[in-house]
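# Secondary and tertiary structure notes
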Amino acid sequence: MLWIAGAGGVGREALDVALAAGVGVAGFLDDRLAGGEVRGLPVARPAALAPGTPYLIGIADPAVRARLAALLDAAGGVATTLVHPRAIVAPETELAPGCLVMGGAHLSSSVRIGPHGQVHYNATVGHDSRLDARVSVYPGANVSGSVHLAEDATVGSGAVVLQGRTVGRAAFVGAGAVVTRDVPPATTVVGAPARPLPPTPPTP
Ligand SMILES: CC(C)(COP(=O)(O)OP(=O)(O)OC[C@H]1O[C@@H](n2cnc3c(N)ncnc32)[C@H](O)[C@@H]1OP(=O)(O)O)[C@@H](O)C(=O)NCCC(=O)NCCS
């Protein structure tokens, strides 16, 4: 039986994927809600995971995903991938352990997705694209062919990344943006064509 780390929005969406895929879920792992119940399932502390137990992280923030993955792996947990039965995953596409693929997602030919990646509902990832560890592609985004999304990068809802572009490590592509040039690491871009979000001026 699978444990889902995170009982917030993405965690509950992961439960929906598990239910649709016929995967049994034992409960949620979430320090904030431990001892309670969510969707009729018990919530335990992540540190309580027993060795050899399958887990999936249902949390949007890649930094939190990284910390939890380290903790759960150290406890002997087994990262497990969940794919909605109404997602399309091409035969040559590879998903590393711990990935979450929601309904309506389409992963095209020869895509590689690293550990704890997330492709949300109705998002598409084009042929030969490489998504490193903990990349997130939010609902309805379109990642074209031969794109490289470096680790911890996020592509917001409805955004488009043109073919062959690289989105740097921990960069964030805002909702609805169109990425026409490579995005530097740790940069947030918005708009069409996408441009870096100006830094917030200091408060006087
Ligand atoms: C890009 C993003 C991360 C910026 O968040 P933020 O740093 O909190 O930015 P703010 O909301 O303070 O907005 C700062 C400015 O950028 C603009 N802006 C924010 N997001 C934008 C976007 N996606 N496209 C165009 N402009 C945007 C705002 O209008 C604001 O402009 P202003 O200063 O002229 O009023 C966020 O807006 C975003 O797009 N997140 C993705 C949401 C998403 O896909 N959610 C899916 C969940 S399932």
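The notes below deal with the structure included here. (Residues numbered from 1 in each chain as written. Predicted model: local features only at pLDDT ≥ 70, side-chain atom pairs only at ≥ 80, totals over all residues. Heavy atoms only, no water.)

## What to know about the site of the ligand
For the record, the criterion: One heavy atom suffices: a residue is near a molecule or strand as soon as one of its heavy atoms comes within 4 Å of it. Any pair of nitrogen or oxygen atoms within 3.5 Å is treated as a polar contact; in protein, a donor-acceptor pairing is required on top of that, and neighbouring residues in sequence qualify only through side-chain atoms on both sides. Only the protein chains shown count as cover for residues, and the accessible areas themselves come from Shrake-Rupley with a 1.4 Å probe. Nonpolar residues are Ala, Val, Leu, Ile, Met, Phe, Trp, Tyr, Cys and Pro. Charged residues are Asp, Glu, Lys and Arg, and all others, Gly as well, are polar.
Around the ligand sit Tyr138, Pro139, Gly156, Ser157, Phe172, Gly174, Ala175, Thr188, Val190 and Leu197, and that is every residue in its neighbourhood. Serine 157 is positioned such that a nitrogen or oxygen atom in its backbone is 2.8 Å from an oxygen atom of the ligand. Note that an oxygen atom of the ligand is positioned 2.9 Å from one of the backbone N or O atoms of alanine 175. Contact with the protein chains hides 37% of the accessible area of the ligand, taken as 910 Å² for the molecule alone. Considered class by class, the residues forming the shell around the ligand number six nonpolar, four polar and no charged.

## Observations concerning the pattern of salt bridges
Quick reminder of the rule: What makes a salt bridge here is a side-chain nitrogen of Lys or Arg within 4 Å of a carboxyl oxygen of Asp or Glu, nothing more. Strands are runs of DSSP state E lasting at least two residues, helices are runs of H or I lasting at least four, and both sets are numbered from the N terminus onward. Each residue's exposure class comes from its accessible area (1.4 Å probe, protein chains only) as a fraction of the maximum for that residue type: buried when under 20%, exposed when over 50%, partly exposed otherwise.
Summed over the entire model, instances satisfying the criterion amount to eight salt bridges. Between aspartate 152 and arginine 134 there is a salt bridge; the shortest N-O distance is 2.6 Å. With aspartate 152 in the loop between strand 18 (148-149) and strand 19 (154-155) and arginine 134 in the loop between strand 15 (130-131) and strand 16 (136-137), this pair connects stretches of sequence that are 18 residues apart. For the pair aspartate 152 and arginine 134, a shared accessibility class is recorded, and that class is buried. The partner of aspartate 152 in a salt bridge is arginine 169, with the nearest N and O atoms 3.9 Å apart. Taken together, the positions of aspartate 152 in the loop between strand 18 and strand 19 and arginine 169 in the loop between strand 21 (166-167) and strand 22 (172-173) put the pair 17 residues apart, joining distant regions of the chain. We classify arginine 169 as partly exposed; its relative accessible area is 43%.

## Remarks on the side chain of histidine 148
Rules: Only heavy atoms enter the contact rule, under which two residues are in contact if any of them lie within 4.5 Å.
Here histidine 148 is to be found in strand 18. A distance of 3.5 Å separates polar atoms of two side chains, one belonging to histidine 148 and the other to arginine 130. The contacts of histidine 148, once residues within four sequence positions are left out, are Arg130, Asp132, Arg165, Thr166 and Val167.

## Remarks on helix 2 (residues 62-74)
Rules: To estimate the expected span of a helix, count its residues, drop one, and scale the result by 1.5 Å. What the arc covers is the set of directions going from the helix axis to the C-beta atoms.
Helix length check: helix 2 (13 residues) gives 18 Å between terminal C-alpha atoms against 18 Å at 1.5 Å per residue, within 8%. Within the sequence span of helix 2, burial applies to Pro62, Arg65, Leu68, Ala69 and Leu72. Looking straight down helix 2, one finds its buried side chains confined to an arc of 120°; they lie on one side. In helix 2, the exposed residues that point more than 90 degrees away from the buried face are Arg67 and Ala74. Residues of helix 2 that are buried in the fold lie against strand 1 (2-5), strand 2 (25-29), strand 5 (54-57), strand 13 (118-119), strand 16 and strand 19. With a side-chain oxygen positioned 2.8 Å from the backbone nitrogen of alanine 63, the residue opening helix 2 is aspartate 61. Glycine 76 occupies a position one or two residues after helix 2 and carries a positive phi of about 90°.

## Thoughts on the nonpolar core
Rule in force here: In this description, a nonpolar core means a group of buried Ala, Val, Leu, Ile, Met, Phe, Trp, Tyr and Cys residues linked to one another through side-chain atoms lying within 4.5 Å.
Residues Val119, Val137, Leu149, Val155, Val167 and Val173 are the most contacted members of the largest nonpolar core, which totals 29 residues. Not counting residues up to four positions away in its chain, the partners in contact with valine 173 are Thr154, Val155, Gly156, Ala159, Val167, Val179 and Val189. In terms of nonpolar packing, the next biggest core, distinct from the first, is built from 17 residues, Ala7, Val10, Val38 and Leu82 among them.

## Describing the sheet that holds strand 20 (residues 160-161)
To keep things clear, this is the line we draw: The pairing criterion is simple: DSSP has to find at least two bridges between the two strands.
Within the open sheet, the six strands sit side by side as 8-11-14-17-20-23. Their pairing is parallel. Each edge of the open sheet carries a strand with a single partner, namely strand 8 (88-89) and strand 23 (178-179). As paired strands, strand 8 and strand 11 (residues 106-107) are joined by two bridges and run parallel to one another. The residue bridging isoleucine 88 from the neighbouring strand is histidine 106, located in strand 11.

## Quick word on the pairing of strand 4 (residues 41-44)
Of the pairings in the sheet, the one linking strand 2 to strand 4 comprises two bridges and is parallel in character. Paired with phenylalanine 28 across the strands is valine 43, a residue of strand 4. Looking at chain direction, strand 3 (residues 37-38) and strand 4 are connected through two bridges and run antiparallel. Among the inter-strand pairings, valine 38 is bridged to a residue of strand 4, identified as leucine 41.

Nothing here speaks to function; it is geometry throughout.
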